[in-house]
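Fold and contact review
Okay, here's what each chain looks like letter by letter:
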Amino acid sequence: MRILVMHGPNLDMLGKREPEVYGHETINSINQRILEAADAAGVEAECFQSNDEGTLVSRLWQAVGTCDGVIFNPAAYTHTSVALHDAIKGCGLPCVEVHLSNTHRREAFRHVSLTAGACIGQIMGFGATGYLLALQGLVDYLKGGRA
Ligand code: DQA
């Protein structure tokens, strides 16, 4: 089983970027924790980050046939991207949306997700732990068809 983990725009700046909101952990450290958790669960994981909407759309489609599921923090594109909604839906891969922060406690423009409706589930507000919770949920879903 192979899982694609995708991080959207500005998440390469974790650690430097608004640490009071997103914490001090870097994306490399988060990816390391995801890879270790995947290893412990007996699955393969691959981590990818892009600041570009089209690149994220293309990476999703490239996962068809090589990956079984996707964990995705679309970051700001969550609130704007019909293209990413369509790619998640169209590629047919089960996807879990993750947000480090609880977007419902923040500005009103973050309260709507255009991408969540194309996903099997969404986890937010638990910082980097959310990726590990998503991994557990996605692997359970892929093994047992739950969620
Ligand atoms: C985020 C929340 C988004 O609103 C924001 O644009 C991000 C990060 C999160 O992980 O909390 O870049 O996706």
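Check the entry above for the structure.
A short tour of the structure in this document, coming up. (Residues numbered from 1 in each chain as written. Predicted model: local features only at pLDDT ≥ 70, side-chain atom pairs only at ≥ 80, totals over all residues. Heavy atoms only, no water.)

In the structure shown here, the tally under the stated rule is 0 aromatic pairs. For the cation-ring pair, Arg59 lies above Phe48, with the distance from its terminal atom to the ring centre recorded as 5.9 Å. (Phe/Tyr/Trp six-rings, centres within 6.5 Å; stacked < 30°, edge-to-face > 60°. Lys NZ or Arg CZ within 6 Å of the ring centre and 35° of its normal.)

This paragraph deals with the packing of helix α2 (residues 27-41) against helix α5 (residues 129-144). For any two helices packed against each other, one specifies the crossing angle of their axes together with the interaxial distance. Running from amino to carboxyl end, α2 crosses α5 at an angle of 30°, the nearest separation of the two axes being 10 Å. Between α2 and α5, the crossing angle belongs to the class labelled roughly parallel. Viewed along their axes, α2 and α5 form a crossing whose handedness is right-handed. Across the interface between the two elements, Ile30, Arg33, Ile34, Ala37, Ala38 and Ala41 from α2 touch Thr129, Tyr131, Leu132, Leu135 and Lys143 from α5. (Axes fitted to C-alpha atoms, helices over the stretch in contact; angles between N-to-C directions. Helix = DSSP H or I, 4+ residues; strand = E, 2+ residues; numbered from the N terminus. Parallel < 35°, antiparallel > 145°, perpendicular 65-115°, else oblique. Left-handed = near helix turned anticlockwise from the far one by under 90°. Contact = heavy atoms within 4.5 Å.)

With that out of the way, let us pick up the site of the ligand. Neighbouring the ligand are Arg17, Tyr22, Asn73, Ala75, Ala76, His79, His99, Leu100, Ser101, Thr103, Arg106 and Arg110. Arg17 places a polar side-chain atom, nitrogen or oxygen, 2.9 Å from an oxygen atom of the ligand. Within the side chain of Arg110, an N or O atom sits 2.9 Å from an oxygen atom of the ligand. Bound to the protein, the ligand loses 99% of the 320 Å² it would expose on its own. Looking at the shell around the ligand residue by residue, the classes come out as 4 nonpolar, 5 polar and 3 charged. (Near = heavy atom within 4 Å. Polar contact = N/O pair within 3.5 Å; in protein donor to acceptor, adjacent residues only side chain to side chain. Areas by Shrake-Rupley, 256 points an atom, 1.4 Å probe, with all protein chains shown as cover. Nonpolar A, V, L, I, M, F, W, Y, C, P; charged D, E, K, R; others polar.)

Attention shifts here to helix α4 (residues 82-91). The complete set of buried residues in α4 reads Leu84, His85, Ala87, Ile88 and Cys91. Each buried residue of α4 lies within a common arc of 165° when the element is viewed along its axis, so the set occupies one face. Of the exposed residues in α4, those oriented more than 90 degrees away from the buried face are Val82 and Lys89. Here the buried face of α4 lies against α3 (53-62), β3 (69-73) and β4 (95-99). Looking at where α4 begins, the residue whose side-chain oxygen comes 3.5 Å from the main-chain nitrogen of Ala83 is Ser81. Just downstream of α4, Gly92 is the residue with a positive phi angle, here 80°. (Buried < 20%, exposed > 50% of the residue type's maximum accessible area, 1.4 Å probe, protein only. Arc of directions from axis to C-beta.)

In terms of residue burial, β4 counts as a mostly covered element, since 5 of its 5 residues are buried. Covered by surrounding structure in β4 are Cys95, Glu97 and His99 together with Val96 and Val98, the residues of both alternating faces. Here 3 bridges tie β3 to β4, and the two strands are oriented parallel to one another. Of the residues in β4, the one forming a bridge with Phe72 is Glu97. Taken together, β3, α4 and β4 form a β-α-β motif whose crossover is right-handed. Where β4 and strand β5 (residues 121-124) come together, 4 bridges link them in parallel fashion. Bridge assignment links Glu97 to a residue of β5, and that residue is Gln122. (Pairing = 2+ DSSP bridges. Right-handed = clockwise from strand over helix to strand, strands pointing away.)

Geometric values such as these leave the question of function open.
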